[in-house]
Structure formats: C-alpha cells, structure tokens
Amino acid sequence: MSRIDHLALAKAMSRAPMTVSQLAAATGISVSYASDICNGHRQLARSPHLRKAIAKALDVPQHWIEA
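As a starting point, this report considers the structure included with it.

Rules of the game
- Residues numbered from 1 in each chain as written.
- Predicted model: local features only at pLDDT ≥ 70, side-chain atom pairs only at ≥ 80, totals over all residues.
- Heavy atoms only, no water.
- Axes fitted to C-alpha atoms, helices over the stretch in contact; angles between N-to-C directions.
- Helix = DSSP H or I, 4+ residues; strand = E, 2+ residues; numbered from the N terminus.
- Parallel < 35°, antiparallel > 145°, perpendicular 65-115°, else oblique.
- Left-handed = near helix turned anticlockwise from the far one by under 90°.
- Contact = heavy atoms within 4.5 Å.
- Nonpolar A, V, L, I, M, F, W, Y, C, P; charged D, E, K, R; others polar.

**Thoughts on the packing of helix H2 (residues 20–27) against helix H4 (residues 48–58)**
Part 1 of the argument: Two numbers describe how H2 lies on H4: the axes approach to 9 Å, and their chain directions differ by 120°. One finds that H2 runs oblique with respect to H4. Both H2 and H4 take part in a crossing whose hand is right-handed. Across the interface between the two elements, Leu23, Ala26 and Thr27 of H2 pack against Leu50, Ala53, Ile54, Ala57 and Leu58 of H4.
Part 2 of the argument: Of the residues in the contact of H2 with H4, the class split is seven nonpolar, one polar and no charged.

Here is the structure:
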C-alpha cells in the first residue's frame, strides 16, 4: 500500500513553491492535518484520494510524493 513520503513531499512543496497553509487550502484539509502530513505524523496509507489531491495541488505525479 502506498503512503506519503514526507521528505519527498517537502521537496515537491519547495519546488512548487507552496506552504503548508496553501496546501491545506488547495486540498480542503485543515492546516493542522496538513502539518501532520508534512511532518511525517500521518502517512495517508488508507487515503488514496487525498494523496492524489496533494499531488494535483503540487502539480507533480503522484508517485513523486509516495514511498
């Protein structure tokens, strides 16, 4: 099962560039939830739709942010 790689996510956010607040707004999640994802506290292994939404918001292929 795929999950978010928070280090790869950080690189993609830097490339975008996008802040945690902007990512939260773009995906419709709370800033605290987005922060948890970015810090590796949540991996979204059971949330394929949210992994897809994050990749779309960052304009990167989904596999770039997955482990």
